[in-house]
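# Per-entry structural report
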Amino acid sequence: MTDAEHDLRRLLPGGDPSAVAGLLPAGRLISPLDGGEDTAPVLWLSDGPAPLGLWEELHRAHPRTGLWPLLLAPLRAEDEEFRPWGTGELSTASASEPDWYDPAALLRTGWEYSTVVDSDGEPLDPEEASELGSSIAPFLDGWPGTAPAAERVGDPDGAARALARELLARDARLRIGLVAAGSGAGALTACGWSGPVNHEDDIAKVSAVLLDWERRYGTRLVQVGFADLELSVAAPPGDERGALRIAAEHLAFCPDNIFQGAGTLTEYAAGLIGAERWSFWWD
C-alpha cells in the first residue's frame, strides 16, 4: 500500500481510494488545529500546486472513492504556510449537521439580519433603514421568498469541470484538497471550514444552503479560499426577474457580495443572468 493510499484510508476508513491514490502528488493529512493530538484528519492536502487535469479525474472518481476534490487557495498568494489549510485552522468541534436545517428558513433569517435588524437583533433606526432601501429594491416590503427551482438544469458535473479548468488557468498555485463528503457543500462541514465566521459561525448552515442550490440550480463547489467560495452553476437565471430573486438569496447568504460589492441588488442581479459561476466572499 502506498503512503497516499494509507493516508486516504485514514481519511475515509470505509471507502476505497485505490483508484486515485496513484494519481496524487506528494501531500499530507490535515487535522483541525483545535483538536488534540489524536484528532482524526479531515483533509488531504497536496504539498504543491494542483497538476492540470487532476481535479477533473478526482471528481469523476468521487462516486467510487467518496472523496470530494476541492481546489484550495491560501489567505495570501505569497503565504508559505498556506493558511488556513496547511496550518489546520479548521474546526469540527461544535458543528451541527446540514440536514438539521430548512434552507428557506435560513435564508429568510439571513435576509432579516441583513436588512431589518442589526447584529444585536435590534431594529435598524430610521436613518439606517432609509439608506438601505435603495440597495435592496425592489424588495422593500421584505423577504421575497426563495426562487423556484430551475425548469431545466444542464450538466452540473461538466460545468464543475469547466470551472476547475478556468480557475487553474487563472491561478496555477491552487492546491488539491480531498474531503470525505458526498458533495462540495457537505465537504465544508466535514473539514470544518470557518471562512464566514464573522457572518455565520455554524458552517453546517452554510452547507445546508449550498446543498439546496445544488438541487435547484445544479451548483457545485469547486474552489475554497480563506473566506471565499467559487461555485459552478448549471442552471443560471435567464432574465432579470429570476436573477433578482436569486440575488436576494445571495444577499441573505453573503451580504458582503452586495453591500461591499455591487452596492445594489439590481446591479448585482444583472451580473447573474447567464452566469455559470457564483463567487462569494465574507469580510
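Everything here concerns the structure above.
Let us look at the structure shown here. Fair warning: this is a prediction, and the values are worked out from it, not measured in the lab.

### Notes on the overall build of the protein
- On a plain count of helices and strands, the protein comes out with 11 helices and seven strands.
- Its C-alpha radius of gyration of 19 Å places the protein within 12% of the 19 Å reference for a compact globule of 283 residues.
- Expressed as lengths along the three principal axes of its C-alpha atoms, the size of the protein is roughly 65 × 40 × 35 Å.
- Burial status across the protein gives 50% buried among its 283 residues.
- Total accessible area computed for the protein in this model is approximately 13100 Å², and 47% of it derives from carbon and sulfur atoms.
- Computed over 21 positive and 46 negative side-chain charges, the inter-centroid distance for the protein is 8 Å.

### Focus on helix α6 (residues 156–170)
- Counted at 1.5 Å a residue, the expected span for α6 with its 15 residues is 21 Å, and the 21 Å between its end C-alpha atoms agrees.
- Residues of α6 that are buried make contact with α3 (54–65), β3 (67–72), β5 (219–224), β6 (228–233) and β7 (277–281).
- Capping of α6 at its N-terminal end is provided by D155; its side-chain oxygen lies 3.2 Å from the backbone amide nitrogen of D157.

### With respect to the pairing of β5
- With six of its six residues buried, β5 lies for the most part within the structure.
- Note that β3 and β5 share two bridges and pair parallel. Counted as the bridge partner of L71 is Q223 from β5.
- In the sheet, β5 pairs with β6 via five bridges, with the strands oriented antiparallel. Each residue of the ladder has a partner; that of R220, found in β6, is S232.

### Section: the packing of helix α4 (residues 103–115) against helix α9 (residues 240–253)
- Two numbers describe how α4 lies on α9: the axes approach to 7 Å, and their chain directions differ by 75°. Taken together, the axes of α4 and α9 lie roughly perpendicular to each other. For the pair formed by α4 and α9, the contact residues are L107, G110, W111, S114 and T115 on the first element and A248, E249, L251, A252 and F253 on the second.
- The class makeup of the residues in the contact of α4 with α9 is six nonpolar, three polar and one charged.

### A closer look at the packing of α4 against helix α8 (residues 203–217)
- Look at α4 against α8: their axes get within 9 Å of each other, and the N-to-C directions meet at 120°. Crossing handedness for the pair α4 and α8: left-handed. For the pair formed by α4 and α8, the contact residues are P103, L106 and L107 on the first element and K205, A208, V209, D212, R215 and R216 on the second.

### Side note on the packing of aromatic side chains
- Going through the model one piece at a time under the given rule, you end up with 10 aromatic pairs.
- Ring centres of F253 and F280 lie 5.0 Å apart, and the angle between their planes is 80°; on these two criteria the pair is classed as edge-to-face. Residue F253 is located in helix α9, and its partner F280 is located in strand β7; the two are separated by 27 residues in the primary sequence. Taken as a pair, F253 and F280 share a single burial class, namely buried.
- In this structure an aromatic cluster arises from ring pairing among W193, W213, Y217, F253, W278, F280 and W282.
- In this arrangement the basic side chain of R175 is found over the ring face of F82, its NZ or CZ atom lying 4.0 Å from the centre.

### Description of unusual backbone geometry
- The residue after R83, namely P84, is reached through a cis peptide bond having omega 0°.
- With an omega of 10°, the peptide bond running from A137 to P138 counts as cis.
- The topology assignment puts P138 in the loop between α5 (126–136) and α6.
- A positive phi angle, near 55°, is found at F82, a position not held by glycine.
- Assignment of secondary structure puts F82 in the loop between β3 and α4.

### Some remarks on the side chain of D7
- By the element assignment, D7 lies in helix α1 (residues 3–11).
- Despite its burial, D7 pairs with no opposite charge, the nearest such side chain being R10 at 5.2 Å.
- Apart from residues no more than four positions distant in its own chain, D7 is found in contact with G27, R28, L29 and W44.

Conventions used here
Residues numbered from 1 in each chain as written. Predicted model: local features only at pLDDT ≥ 70, side-chain atom pairs only at ≥ 80, totals over all residues. Heavy atoms only, no water. Helix = DSSP H or I, 4+ residues; strand = E, 2+ residues; numbered from the N terminus. Rg over C-alpha atoms; globule rule 2.2 N^0.38 Å. Buried < 20%, exposed > 50% of the residue type's maximum accessible area, 1.4 Å probe, protein only. Areas by Shrake-Rupley, 256 points an atom, 1.4 Å probe, with all protein chains shown as cover. Lys, Arg positive; Asp, Glu negative; His and termini not counted. Charge placed at Lys NZ, Arg CZ, Asp CG, Glu CD. Expected span 1.5 Å × (residues − 1). Contact = heavy atoms within 4.5 Å. Polar contact = N/O pair within 3.5 Å; in protein donor to acceptor, adjacent residues only side chain to side chain. Pairing = 2+ DSSP bridges. Axes fitted to C-alpha atoms, helices over the stretch in contact; angles between N-to-C directions. Parallel < 35°, antiparallel > 145°, perpendicular 65-115°, else oblique. Nonpolar A, V, L, I, M, F, W, Y, C, P; charged D, E, K, R; others polar. Left-handed = near helix turned anticlockwise from the far one by under 90°. Phe/Tyr/Trp six-rings, centres within 6.5 Å; stacked < 30°, edge-to-face > 60°. Lys NZ or Arg CZ within 6 Å of the ring centre and 35° of its normal. Salt bridge = Lys/Arg side-chain N within 4 Å of Asp/Glu carboxyl O.

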